[in-house]
Amino acid sequence: MQVNFFTFKLDDFVCTKCGWGGKGAELKNGDFSETHFICDLDCPSCFEHIGFWQAPLRKEVEKWKIEHPGVKTGWDDLDMT
Ligand SMILES: [Zn+2]
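What counts, and where the lines are drawn
Residues numbered from 1 in each chain as written. Predicted model: local features only at pLDDT ≥ 70, side-chain atom pairs only at ≥ 80, totals over all residues. Pairing = 2+ DSSP bridges. Helix = DSSP H or I, 4+ residues; strand = E, 2+ residues; numbered from the N terminus. Axes fitted to C-alpha atoms, helices over the stretch in contact; angles between N-to-C directions. Contact = placed C-beta atoms within 7 Å. Buried ≥ 20, exposed ≤ 12 C-beta atoms within 10 Å, placed from the backbone.

A.B. asks: How should I be thinking about the sheet that holds strand β5 (residues 49-54) in this particular structure?
C.D. replies: One key point about sheets: their strands pair by backbone hydrogen bonds, in either a parallel or an antiparallel sense. Taken in spatial order, the three strands make up an open sheet running β3-β4-β5, and their pairing is antiparallel. Only two strands of the sheet have a single partner each, and these edge strands are β3 (28-33) and β5. Taking the axes of each pair of neighbouring strands and ignoring which way they run, one obtains an average angle of 25 degrees across the sheet. With five bridges joining them, strand β4 (residues 38-42) and β5 adopt antiparallel strand pairing. Counted as the bridge partner of Asp-40 is Phe-52 from β5.

A.B. asks: Explanation requested: the environment of His-49 in the structure shown.
C.D. replies: Take His-49: it is sitting in strand β5. Taking the C-alpha atoms as reference points, His-49 and Met-1, 48 residues apart in sequence, are found 9.5 Å from one another. Setting aside its immediate chain neighbours within four residues, His-49 contacts Gly-30, Asp-40 and Asp-42.

A.B. asks: Hey, could you run me through unusual backbone geometry in this one?
C.D. replies: Most of the time, phi is negative for any residue but glycine, and the peptide bond is trans. With a phi angle near 55 degrees, Phe-37 is a residue other than glycine that sits in the positive phi range. Topologically, Phe-37 is positioned in the loop between β3 and β4. For Phe-37, a count of 13 C-beta atoms within 10 Å translates into the label partly exposed. Of note in this structure, Phe-47 is not a glycine but carries a positive phi near 65 degrees. With respect to the helices and strands, the residue Phe-47 is situated in the loop between β4 and β5.

If you want it as structure tokens, here you go:
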């Protein structure tokens, strides 16, 4: 399952294997593909694969920010521009 890169840190997730539940920010980073800029997200309790994100292009970040003004992303301490 591909998570929404912009909002997954604040979204709720449940592990279907062990029942862990929490915010996306609590998920563990799994494998990262430097070729595709895809990062796997694993359950922090049992390391089951939960989902993945793919880093957006710069213009996709700018477009999303225009379309979602003021929406909290969980990346707000980072300058994504
Ligand atoms: Zn789990």
